[in-house]
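# Secondary and tertiary structure notes
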Amino acid sequence: MTDMNVADWHSDLELIVDAARQAGKVALGYFRKDPEVWWKSGHSPVSAADYAANELLERLLRTPRPDYGWLSEETDDDSDRLTRDTVFVVDPIDGTRAFIAGKDTWCVSVAVVHHGKPVAAALVAPAYDEEFTALPTGAAMKNGKPLAVSSSRADKIRLAASEDVIAKLPGSLKSRVDRIAHVPSLAYRLAMVADGRIDGTLVKPHSHDWDLAAADLILERAGGMLVGLDGKRLVYNRRQVSHPELCAAGNLLLPHLLEPLNLSDRG
C-alpha cells in the first residue's frame, strides 16, 4: 500500500459507510413486504431488494471513484476489475435467504480492496441497527465503539458451523465445541467473531469475495484472522473469486482450531 496512505482509506471509509447506510434503507423498504424473488442457477435466490440496493451502491460509489474496479454479487463480472489496483467489493444484501424469510440476520457488505487486500470495510445490519467498520490501522468499530475478539483459547469453543461440518470434525476438537445455530449471513457471522459473541466459525467451500472482504478486515482489526485451512490469508480480486474451506477465530484460538483439522488431508 505504498502508493496510497491511510488518509486515502479514511476518505474511502466515509464514502462506503454512507453508501451502505443508504443501501440498507433501500433494502428495509422491501423487508417483510414480500419482494419479488428470482433464482440464479436454480439454487441461489435474489430479490428485488438486492437489485435496488446494488443499483444505488454502484451509483454512489463508482461516480466519485471512477478509477476503481467493481465486483458485486449482483452485477455481471467484468474482467476490467483485474486491471485495477483498487476495487469495490460489494454484497448489497448478504443473507438474502434470511431477508426473504423476514429474519433480521442480513447486512450490506462493502469493502475497498487494494492490491488484493481489504483496506476499508463497512458492514451495515439495518434490522439490528448495527454498523461495523475497519481500516488497516486502529481498532475495528461497532457503532463507534472498539471491537475485540473473545479471549477464549480452547477449553469450550462457541463455533458457528453447519451440523454436517461439525460431524466431520476430529473427536479431539468436536468434544470442545458448543455449536452455534446457523447464522444465515456469512459476513455477519464473521462480524460476530470480531465482536466476541462467538469464538470462531468454519466456512464451507465456495464462499466468495463479496461475502468475505469487508468482514475479513473487521475481524483482523478486532484481533482475529480469516484463513484457509492451510493457515494462509485470503487474496481478493483474483480471476477466481470463490474460496475453499475457511476458518476464522481470534488469534489465540486459531492455531487450536487449525491443528486438529489435519490440514493437508481434508478435502
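The structure we're discussing is the one just above.
Notes on the structure follow. (Residues numbered from 1 in each chain as written. Predicted model: local features only at pLDDT ≥ 70, side-chain atom pairs only at ≥ 80, totals over all residues. Heavy atoms only, no water.)

Our next topic: the side chain of Asp50. Within the secondary structure layout, Asp50 lies in helix α2 (residues 48–62). For the buried Asp50, which has no salt bridge, the nearest side chain bearing the opposite charge is Lys40, at an N-O separation of 6.6 Å. Polar contacts involving the side chain of Asp50 include one to the side chain of Ser47, which spans 2.6 Å. (Helix = DSSP H or I, 4+ residues; strand = E, 2+ residues; numbered from the N terminus. Buried < 20%, exposed > 50% of the residue type's maximum accessible area, 1.4 Å probe, protein only. Lys, Arg positive; Asp, Glu negative; His and termini not counted. Salt bridge = Lys/Arg side-chain N within 4 Å of Asp/Glu carboxyl O. Polar contact = N/O pair within 3.5 Å; in protein donor to acceptor, adjacent residues only side chain to side chain.)

Turning our eyes to something else, we now look at the pairing of strand β10 (residues 157–160). Here β10 pairs with strand β11 (residues 177–180) via 4 bridges, running parallel. Along β11, the bridge assignment pairs Ile157 with Val177. As paired strands, β10 and strand β12 (residues 200–203) are joined by 2 bridges and run parallel to one another. Residue pairing in the sheet places Leu159 in a bridge with Gly200 of β12. (Pairing = 2+ DSSP bridges.)

As a further point, take the packing of aromatic side chains. How two aromatic rings sit relative to each other is given by the distance of their centres and the angle of their planes. Under the definition given, this model contains 8 aromatic pairs. Taking the centre distance of 5.1 Å and the plane angle of 50° together, the rings of Tyr68 and Phe88 count as tilted. One end of the pair, Tyr68, is in the loop between α2 and β3 (69–72); the other, Phe88, is in strand β4 (residues 86–94), with 20 residues separating them in the sequence. Judged by its relative accessible area of 9%, Tyr68 falls in the buried class. For Phe88, a relative accessible area of 0% puts it in the buried group. Taking 4.9 Å as the distance between ring centres and 85° as the angle between the ring planes, the aromatic pair formed by Phe99 and Trp106 counts as edge-to-face. Judged by its relative accessible area of 1%, Phe99 is buried. Taken together through their ring pairs, the aromatic side chains of Phe31, Phe99 and Trp106 make up a single cluster. (Phe/Tyr/Trp six-rings, centres within 6.5 Å; stacked < 30°, edge-to-face > 60°.)

Mapped onto the elements of the fold, Trp210 is located in helix α7 (residues 209–221). Note: C-alpha distance between Trp210 and Gly228 (18 residues apart in sequence) is 16 Å. Sequence-distant contacts of Trp210, that is, excluding residues within four places in its chain, are made with Leu71, Ser72, Glu73, Val89, Val90, Asp91, Ser109 and Val241. (Contact = heavy atoms within 4.5 Å.)

Another point: the packing of helix α6 (residues 186–194) against α7. Taken N-terminus to C-terminus, the directions of α6 and α7 make an angle of 5°; their axes are 8 Å apart at the nearest point. As the angle between them shows, α6 and α7 are arranged roughly parallel. Within the contact between the two elements, α6 uses Leu186, Ala187, Leu190, Val193 and Ala194 and α7 uses Asp211, Leu212, Ala215, Ile218 and Leu219. (Axes fitted to C-alpha atoms, helices over the stretch in contact; angles between N-to-C directions. Parallel < 35°, antiparallel > 145°, perpendicular 65-115°, else oblique.)

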